[in-house]
Amino acid sequence: MILKRTFMRMTVALLLIIGLSLLLLHHTSSNKNSLPNENRIPTIFVHGFKGTSKSFNTMLNRFENNYFWGRKTMVCRVSHNGHVFISGGIPKNQKHPFIQIIFENNRSTIQNTTDELKDVMKVLKHRYGINDTYAVGHSMGGLVLTNYIEQTSNKKRYPIIKKLITIGSPFKGIERKSYYKNPNNTGPAVKDLKPNSGALQALVEHKESFDASIKVLSIAGVILDSKHGDGVVSQPSALGIQDIVRSNQLKTKIVNDINATHSGLHEHQTVDRYIGEFLWDIKD
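Residues numbered from 1 in each chain as written. Predicted model: local features only at pLDDT ≥ 70, side-chain atom pairs only at ≥ 80, totals over all residues. Heavy atoms only, no water.

1. Digging into the overall build of the protein chain
Item 1. Each helix and strand counted, the protein chain has nine helices and eight strands in total.
Item 2. Burial statistics for the protein chain: of 284 residues in total, 45% are counted as buried.
Item 3. Here the contacts in the protein chain between residues at least 6 apart in sequence split such that 77% fall between residues at least 24 apart.
Item 4. Accessible surface, the protein chain: about 14,900 Å² in total, of which carbon and sulfur atoms supply 53%. (Helix = DSSP H or I, 4+ residues; strand = E, 2+ residues; numbered from the N terminus. Buried < 20%, exposed > 50% of the residue type's maximum accessible area, 1.4 Å probe, protein only. Contact = heavy atoms within 4.5 Å. Areas by Shrake-Rupley, 256 points an atom, 1.4 Å probe, with all protein chains shown as cover.)

Next comes the structure, spelled out in structure tokens:
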């Protein structure tokens, strides 16, 4: 009888040891395969006036294949009639997933484009469970993202942008008169991009709706001390988000060289470095 009780106790102890070992193994394995929450926050990339997939394709290719910072896992297209088409997804343990957003109606107003962005973001939240994002906008894309933030503040059906980067975004408008004489620069957005337009004034008027917890980086290009900044947007205009956000949530960077052109900013390695440092704390 004593031997039987001893055997039973040893069996129970052994089973407990095995169970604890399996639990520890599972916990260690789960930790090994999981990423910190901040590393899994996707970054959306929004092009500007007349932008296409090419606007950010090469930048995202560098991020993925040259620097190994993350991977483009999803492309969201909004058709001319406003339908949202999504390819790809968000892998569970993908580090720094990138989402490229493309508007086929790429000459539309700031407000219409913002509404299309809202449609995309609602899909990202409700179909893919994305609650938080980072965002990068080139040119008018930065204005659209700022407008989105102001108009969706405290609205739970939209993802929250936690960090925003604007690149060459004309917050004070495009001042060069020759820009509007170019026959390629046509469409409803042109009126919004003029200095003192109603759309630009509205961004400043509604600045109290811009969440004070959002971290912002504004990047301006200056071609060899040119008074015209990056050739399209002046330095004061590109940094004009200073009139909207609080100084303690804003960082500014100026890229000053011959390649700091308006369309060249998203091909510039210095801009790459600023983005990597600001979004993901990546140092050289």
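2. Description of the sheet that holds strand β2 (residues 71–78)
Item 1. Within the open sheet, the eight strands sit side by side as β3-β2-β4-β1-β5-β6-β7-β8. Their pairing is mixed. The outermost strands of the open sheet, each flanked by one partner alone, are β3 (84–88) and β8 (250–256). Across the sheet, the mean angle from the axis of one strand to that of its neighbour is 20 degrees, orientation sign disregarded.
Item 2. Across four bridges, the pairing between strand β1 (residues 43–46) and strand β4 (residues 97–103) is parallel. The partner of threonine 43 across the bridge, within β4, is phenylalanine 98. (Pairing = 2+ DSSP bridges. Axes fitted to C-alpha atoms, helices over the stretch in contact; angles between N-to-C directions.)

3. A few points about the pattern of salt bridges
Any two side chains of opposite charge can pair if their charged atoms end up close together.
Item 1. For the coordinates displayed, the defined rule picks out seven salt bridges.
Item 2. Aspartate 115 is paired through a salt bridge with lysine 118; the nearest N and O atoms lie 3.7 Å apart. Residue aspartate 115 and its partner lysine 118 are located together in helix α3 (residues 110–128), separated by three residues, close to a single helical turn.
Item 3. The exposure class assigned to lysine 118 is buried, which follows from its relative accessible area of 13%.
Item 4. In this structure, a network of salt bridges that share partners links the residues Arg62, Glu267 and Asp272. (Salt bridge = Lys/Arg side-chain N within 4 Å of Asp/Glu carboxyl O.)

4. Let's talk about the layout of surface pockets
Any empty space left between atoms is shown by rolling a water-sized probe over those atoms.
Item 1. The computed volume of the largest pocket comes to approximately 320 Å³.
Item 2. Across the lining of the largest pocket, the residue classes tally to six nonpolar, four polar and four charged. (1 Å grid on protein atoms, 1.4 Å probe; cavity = no way out; pocket = protein on both sides within 12 Å on 5 of 7 lines; lining within 4 Å. Points joined across faces, edges and corners; volume = space filled by probe spheres on them. Nonpolar A, V, L, I, M, F, W, Y, C, P; charged D, E, K, R; others polar.)

5. Regarding the packing of helix α4 (residues 140–152) against helix α7 (residues 198–205)
Item 1. Running from N to C, α4 and α7 point in directions that differ by 45 degrees, and their axes come no closer than 10 Å. Here α4 lies oblique to α7, going by the angle between them. Relative to α7, the crossing made by α4 is left-handed. Residues Leu143, Thr146, Asn147 and Glu150 of α4 touch α7, and the partners they reach there are Leu200, Ala202 and Leu203. (Parallel < 35°, antiparallel > 145°, perpendicular 65-115°, else oblique. Left-handed = near helix turned anticlockwise from the far one by under 90°.)

6. Things to note about the environment of glycine 48
Item 1. Looking at where glycine 48 falls in the secondary structure, it is placed in the loop between β1 and α2 (54–66).
Item 2. Judged by its relative accessible area of 7%, glycine 48 is buried.
Item 3. Separated by 55 residues in the primary sequence, glycine 48 and phenylalanine 103 have C-alpha atoms spaced 9.2 Å apart.
Item 4. Residues in contact with glycine 48, not counting those within four places in the same chain, are Asn106, His138, Ser139, Met140 and Gly141.

7. Some details on the nonpolar core
Item 1. Core analysis: the largest hydrophobic core is formed by 45 residues, its most contacted members being Ile44, Ile101, Leu117, Leu124 and Leu164.
Item 2. Tallying contributions element by element places α4 first for this core, with six residues.
Item 3. Discounting residues that sit within four places of it in the chain, leucine 117 has contacts with Val46, Ile101, Phe103, Val144, Leu145 and Tyr148.
Item 4. If you look at the next biggest cluster of nonpolar residues, it comprises 23 residues, including Phe63, Ile219, Val271 and Phe278. (Core = buried A, V, L, I, M, F, W, Y, C linked by side-chain atoms within 4.5 Å.)

8. With respect to the environment of serine 87
Item 1. In this structure, serine 87 sits in strand β3.
Item 2. A relative accessible area of 41% places serine 87 in the partly exposed class.
Item 3. Sequence separation between serine 87 and arginine 77 is 10 residues; the distance between their C-alpha atoms is 8.5 Å.

9. Describing the confidence of the model for the protein chain
Item 1. Of all residues in the protein chain, 87% have pLDDT values of 70 or greater, and the mean over the chain is 90.
Item 2. Across residues 18–33, where pLDDT falls below 50, the model places one contact with residues more than four positions away in sequence or in other chains. (pLDDT = per-residue confidence, 0-100.)

10. A word on α3
Item 1. The first and last C-alpha atoms of α3 sit 26 Å apart over 19 residues, in line with the 27 Å expected at 1.5 Å per residue.
Item 2. Of the residues one or two after α3, glycine 129 is the one with positive phi, at around 70 degrees. (Expected span 1.5 Å × (residues − 1).)

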